[in-house]
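Spelled out, the chains give:
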Amino acid sequence: MLEPRPSGPWLWVRLLSLQVIESRRYKDPGMPIKAVVFDVGETLVDESRHWGEWADDLGVSRLTFCAALGAAIARGWHHRRVFEIVCPDTPYALLAERRAAARGPLSVTAADFYPDALSCLSRLNEMGLVVGIAGNQPRPIEIALKRMELPVNFICSSESMGVEKPDPGFFLHLVDRCKLTSPAQIAYVGDRLDKDVIPACAAGLVGIHIRRGPWAFIQSSAPDTPEIKQAIGSLAELPELLRTL
Ligand SMILES: [Mg+2]
């Protein structure tokens, strides 16, 4: 059964309340950038625990595992190929199955976040920006992030979106998620040049490089690295940088 339509004074109360909700949702930040979307690993989340647990499970020292990961990064390999170096005789699928049986599904907690991450998300939210999280991540990580009730407007993953960075479709999907008309109104923040910053810029977004984590250091030191216009060393620098764009 349909509810009766509000009329008279109740109609005005309803319209006013909707206007208040809309003004909160669409508070204009007063600058060209209207939305900021974050990569996850090594941008918001410190992956030291994750990789350290892999080393422990595989019975190699954390130093050895990290050196192998660095070698994979320097060769331009997908990160999962680190297991070809450390465990050449066992398929990754079997290793992942064993890990899930021993430790449960992949997860992330507040303790894994870099110390500047949560305060940055809150600050950008207060500034009236649309704030999102979207990385090349499996669905369990997306679910874990959603459980944390972070001060963001949306969280999605490559698995749920059906497209991975550096595919331009990944970044264009964010324009819809941010409910904006132009990719130029969105800043995408990530630690990787090849998967985050360069493809974000190519798709028309403003790519911002955060220089932390192994990908950021190794890729920045490569001889053929292009000049990156927008870079920060910490998320604490991000609100000010956004005001200058
Ligand atoms: Mg990353």
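Structure shown above.
Rules used throughout
Residues numbered from 1 in each chain as written. Predicted model: local features only at pLDDT ≥ 70, side-chain atom pairs only at ≥ 80, totals over all residues. Axes fitted to C-alpha atoms, helices over the stretch in contact; angles between N-to-C directions. Helix = DSSP H or I, 4+ residues; strand = E, 2+ residues; numbered from the N terminus. Parallel < 35°, antiparallel > 145°, perpendicular 65-115°, else oblique. Left-handed = near helix turned anticlockwise from the far one by under 90°. Contact = placed C-beta atoms within 7 Å. Nonpolar A, V, L, I, M, F, W, Y, C, P; charged D, E, K, R; others polar. Core = buried A, V, L, I, M, F, W, Y, C linked by C-beta atoms within 7 Å. Buried ≥ 20, exposed ≤ 12 C-beta atoms within 10 Å, placed from the backbone. Right-handed = clockwise from strand over helix to strand, strands pointing away. Pairing = 2+ DSSP bridges.

1. Side note on the packing of helix H3 (residues 62-74) against helix H11 (residues 213-220)
Now for step 1: Close contact between H3 and H11 brings their axes to 10 Å; oriented N to C, the two are set at 50°. On the basis of the axis angle, H3 is oblique to H11. Considering only the axes of H3 and H11, their crossing is right-handed. Between H3, through Leu69, Gly70, Ile73 and Ala74, and H11, the contact on the second element is made entirely by Pro214, Trp215 and Ile218.
Now for step 2: Residues belonging to the contact of H3 with H11 are distributed by class as follows: six nonpolar, one polar and no charged.

2. Re the nonpolar core
A general feature of soluble globular proteins is that nonpolar side chains tend to end up buried together.
Now for step 1: Val36, Ile186, Ala187 and Tyr188 are the most contacted members of the largest nonpolar core, which has 52 residues in total.
Now for step 2: Once you skip the residues sitting within four places of it in the chain, isoleucine 186 turns out to touch Ala35, Val37, Leu174, Val175, Cys178, Leu180 and Leu205.

3. Focus: the packing of helix H2 (residues 48-58) against H3
Now for step 1: The contact between H2 and H3 brings their axes to 9 Å, and the two run at 115°. For the pair H2 and H3, the sense of crossing is right-handed. Of the residues in H3, those in contact with Trp51, Gly52, Trp54 and Ala55 of H2 are Arg62, Phe65, Cys66 and Leu69.
Now for step 2: Its residues placed into classes, the contact of H2 with H3 shows six nonpolar, one polar and one charged.

4. Some remarks on the pairing of strand S5 (residues 206-210)
Along any regular strand, the residues point their side chains to alternate faces of the sheet.
Now for step 1: Counting buried positions over the five residues of S5 gives five, a clear majority of the element.
Now for step 2: Because side chains alternate across S5, one face comprises the buried residues Val206, Ile208 and Ile210, and the other comprises Gly207 and His209, equally buried.
Now for step 3: Following the chain from strand S4 (residues 186-190) across helix H10 (residues 193-202) to the adjacent parallel S5, one finds a crossover that is right-handed.
Now for step 4: Across two bridges, the pairing between S5 and strand S6 (residues 231-232) is parallel. Within the sheet, the bridge partner assigned to histidine 209 lies in S6 and is alanine 231.
Now for step 5: Crossover handedness for the path S5 to H11 to S6: right-handed.

5. Some details on the sheet that holds S4
Now for step 1: Strand order in this open sheet of six strands is S3-S2-S1-S4-S5-S6, and the pairing throughout is parallel. The sheet is open, and its two borders are formed by strand S3 (154-157) and S6, each paired with just one other strand.
Now for step 2: Two elements, strand S1 (residues 35-38) and strand S2 (residues 130-135), share four bridges in a ladder whose sense is parallel. Each residue of the ladder has a partner; that of valine 36, found in S2, is valine 131.
Now for step 3: Helix-sheet contacts for H10 involve S4 and S5, and the interaxial angle to S5 is about 155°.

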